[in-house]
Amino acid sequence: MSSILKVDTIQNTGGTTGLSIDSSGRPLTPARPAFKAYSSSSGWQSFGSTNDTKMPFAATQHNVGGHWDTTNYKFVAPCNGVYLFIGQFYHDANTEAQIRIKRNGSTVDAFASDSTQGDTVQTSTTLQLTTNDYMELWGKISNSDADDWYADPSYSYFCSYLIG
């Protein structure tokens, strides 16, 4: 007869819970790196030019592990693994809006463009990262003015989580 080991919680050596199993047997991973970042301002914002510009997301809805930097607007991978990234912004471009997810300041890992004024441009990707790789969201618009993109956590954001 075999026995079954029942595990309720697994903790790392620092005492942080890394895995829990609820009463229905579902695994929970409360320490899995994840974030959703957005602008701390609200309403229409300007990029200030038609150049590629890092999205200034200084607020977070959640930031499990604190790996989203609200000052430098980037995510720093705490460990090797596959991550899902999603970025979007609502724009008022009259010709074209572009969005890029960049790795380590230069490599473009995901890109999208949209030419419908008053639309949302969005891109997503899964990436194999190594510890200390960093990810940023960049936007660009064809006609910079006071109403380039709309700052609201439902319309413009960057988010990620570690898949495994």
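Residues numbered from 1 in each chain as written. Predicted model: local features only at pLDDT ≥ 70, side-chain atom pairs only at ≥ 80, totals over all residues. Heavy atoms only, no water.

> Can you lay out unusual backbone geometry for me, pointing to particular residues and giving the numbers?
For Tyr73, which is not glycine, the phi torsion reads 55° and is therefore positive. Inspection of the secondary structure puts Tyr73 in the loop between strand E8 (68–69) and strand E9 (74–76). Given a relative accessible area of 25%, Tyr73 falls into the partly exposed group. The phi angle at Asn104 is positive, at roughly 55°, despite the residue not being glycine. Relative to the elements of secondary structure, Asn104 occurs in the loop between strand E11 (97–103) and strand E12 (107–114). Asn104 gets classed as partly exposed once you look at its relative accessible area, which sits at 33%. (Helix = DSSP H or I, 4+ residues; strand = E, 2+ residues; numbered from the N terminus. Buried < 20%, exposed > 50% of the residue type's maximum accessible area, 1.4 Å probe, protein only.)

> An account of the packing of aromatic side chains is requested, with residue identities and associated values reported.
Taken as a whole and judged by the stated rule, the model has 16 aromatic pairs. Plain terms: the ring middles of Trp44 and Tyr90 are 5.6 Å apart, the flat faces sit at 40° to each other, and that makes the pair tilted. Residue Trp44 is found in strand E5 (residues 43–45), and its partner Tyr90 is found in strand E10 (residues 81–91); the two are separated by 46 residues along the sequence. Tyr90 sits in the partly exposed class, given a relative accessible area of 22%. Grouping aromatic residues by their ring pairs yields a cluster made of Phe35, Trp68, Phe75, Tyr83, Phe85 and Phe158. Note that Lys36 overlies the ring of Tyr157, its terminal NZ or CZ placed 4.6 Å from the centroid. (Phe/Tyr/Trp six-rings, centres within 6.5 Å; stacked < 30°, edge-to-face > 60°. Lys NZ or Arg CZ within 6 Å of the ring centre and 35° of its normal.)

> So what's going on with the environment of Gly65? Residues and values would help.
Among the secondary structure elements, Gly65 is positioned in the loop between strand E7 (59–64) and E8. For Gly65, a relative accessible area of 57% gives the class exposed. Distance in space between the C-alpha atoms of Gly65 and Phe35 is 8.6 Å, their sequence separation being 30 residues.

> Outline the side chain of Lys102, supporting the account with residue identities and numerical values.
Inspection of the secondary structure assignment puts Lys102 in strand E11. Residue Lys102 is classed as buried on the basis of its relative accessible area, which comes to 11%. Those residues in contact with Lys102 that sit more than four places away from it in its chain are Asp52, Thr107, Val108, Tyr134, Met135, Glu136 and Trp138. (Contact = heavy atoms within 4.5 Å.)

> How would you explain the pattern of salt bridges if you had to name every residue and give the values?
Applying the stated criterion across every chain, the model contains 4 salt bridges. Where Asp52 meets Arg100, a salt bridge forms, and the shortest distance between an N and an O atom there is 3.5 Å. Residue Asp52 is found in the loop between E5 and strand E6 (53–54), and its partner Arg100 is found in strand E11; the two are separated by 48 residues along the sequence. Lys54 is the salt-bridge partner of Glu136, the closest N and O atoms lying 2.9 Å from each other. In this pair, Glu136 is assigned in strand E14 (residues 134–141) and Lys54 in strand E6, connecting sequence segments 82 residues apart. Take Glu136: its relative accessible area is 5%, and that puts it in the buried class. When its relative accessible area of 22% is taken as the criterion, Lys54 is described as partly exposed. One salt-bridge network, held together by shared partners, links Asp52, Arg100 and Lys102. (Salt bridge = Lys/Arg side-chain N within 4 Å of Asp/Glu carboxyl O.)

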